[in-house]
Amino acid sequence: MKKTMMFIAVIAMLLLSCKKEEEQCNCGTIANDGIDNGCYWLEIRNDCSGNKKKFCFDEDVWMNNHPGDHFCVSNVEPW
């Protein structure tokens, strides 16, 4: 009986300690890209809202990411 109770307690602790993975609302799919006045921009469609927003990056980031790629933007509020 003690082993059964201990087994149930361990299972309960494992189930309760699992956290649901938080959705990252600063990520999305690159919808478009371009260059305007020295701004190497990527237009990203947000995974959470579906909204699109343009962000300027340096040339290296811009060259290594393409429309259709998944991309996360650091230090921004979800859009």
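This structure is a prediction, so every number in the text was calculated from the model and none was measured.

1. Comments concerning the overall build of the chain
Line of reasoning, step 1. In terms of helices and strands, the chain carries 2 helices and 4 strands.
Line of reasoning, step 2. The order of helices and strands in the chain, counted from the N terminus, is α-β-β-β-α-β.
Line of reasoning, step 3. Going through the 79 residues of the chain one by one, you find that 22% of them count as buried.
Line of reasoning, step 4. Of the roughly 6,300 Å² of accessible surface on the chain, a fraction of 55% belongs to carbon and sulfur atoms.

2. Looking at the side chain of Asn 65
Line of reasoning, step 1. You can see Asn 65 is positioned in the loop between helix H2 (59–63) and strand E4 (70–72).
Line of reasoning, step 2. A distance of 2.7 Å separates the side chain of Asn 65 from the backbone oxygen of Val 61, its partner in a polar contact.
Line of reasoning, step 3. In this structure Asn 65 touches Ile 30, Asp 33, Leu 42 and Phe 71, once residues within four positions along its chain are discounted.

3. Focus: the sheet that holds strand E3 (residues 52–57)
Line of reasoning, step 1. One open sheet accounts for 4 strands, arranged E3-E2-E1-E4; its pairing is antiparallel. Two strands in the sheet have a free side with no partner beyond their single neighbour: E3 and E4. Each strand of the sheet is rotated relative to its neighbour by a mean of 50°, with strand direction disregarded.

4. Topic: the environment of Ile 44
Line of reasoning, step 1. Among the structural elements, Ile 44 can be located in strand E2 (residues 39–46).
Line of reasoning, step 2. For Ile 44 and Cys 27, which are 17 residues apart along the polypeptide, the C-alpha to C-alpha distance reads 7.9 Å.

5. Digging into the nonpolar core
Line of reasoning, step 1. Judged by nonpolar contacts, Ile 30, Leu 42, Ile 44, Phe 55, Phe 57, Trp 62, Phe 71, Val 73 and Trp 79 together constitute the single largest core of 9 residues.
Line of reasoning, step 2. Of all the elements in the fold, those that place two or more residues in this core are E2 and E3.
Line of reasoning, step 3. For Ile 30, the residues in contact, after removing those within four places along its chain, are Leu 42, Glu 43, Ile 44, Asn 65, His 66, Pro 67, Gly 68, Asp 69 and Phe 71.

6. Quick word on unusual backbone geometry
Line of reasoning, step 1. The residue Asn 37 is not glycine, and still its phi comes out positive at about 50°.
Line of reasoning, step 2. Within the fold, Asn 37 resides in the loop between strand E1 (27–36) and E2.
Line of reasoning, step 3. On the basis of relative accessible area, Asn 37 is assigned to the exposed category, the value being 88%.
Line of reasoning, step 4. Its identity is not glycine, yet Asn 75 carries a phi of approximately 60°, on the positive side.
Line of reasoning, step 5. Here Asn 75 is to be found in the segment after E4.
Line of reasoning, step 6. By relative accessible area, Asn 75 is classed as exposed at 83%.

About the cut-offs
Throughout, a residue's number is its position along its own chain's written sequence, starting from 1. Since the coordinates come from a predicted model, pLDDT governs what is reported: local features require at least 70, and pairs of side-chain atoms require 80 or more to be given and counted, while whole-chain, interface and lining totals use all residues. Side-chain metrics in this entry use all non-hydrogen atoms of the structure; hydrogen atoms and water are not considered. Strands are runs of DSSP state E lasting at least 2 residues, helices are runs of H or I lasting at least 4, and numbering of each runs from the N terminus. Think of it in three bands: residues with accessible area under 20% of the maximum for their type are buried, residues over 50% are exposed, and the middle band is partly exposed, with areas taken using a 1.4 Å probe on protein chains only. For every accessible area listed, the method is Shrake-Rupley and the probe measures 1.4 Å; residues are considered covered only by the protein chains on display. Polar contacts here mean pairs of N or O atoms no more than 3.5 Å apart (in protein, one a potential hydrogen donor and the other a potential acceptor; neighbouring residues in sequence count only if both atoms are side-chain atoms). The contact rule is simple, with two residues in contact once any of their heavy atoms fall within 4.5 Å. Any two strands are treated as partners once DSSP identifies two or more bridges connecting them. Think of each axis as a best-fit line through the C-alpha atoms, taken over the contacting stretch in the case of a helix, with angles from 0 to 180 degrees between the N-to-C directions. Side-chain atoms within 4.5 Å link the members of a nonpolar core, which is a set of buried Ala, Val, Leu, Ile, Met, Phe, Trp, Tyr and Cys residues.

Just distances and angles here, no functional claims.
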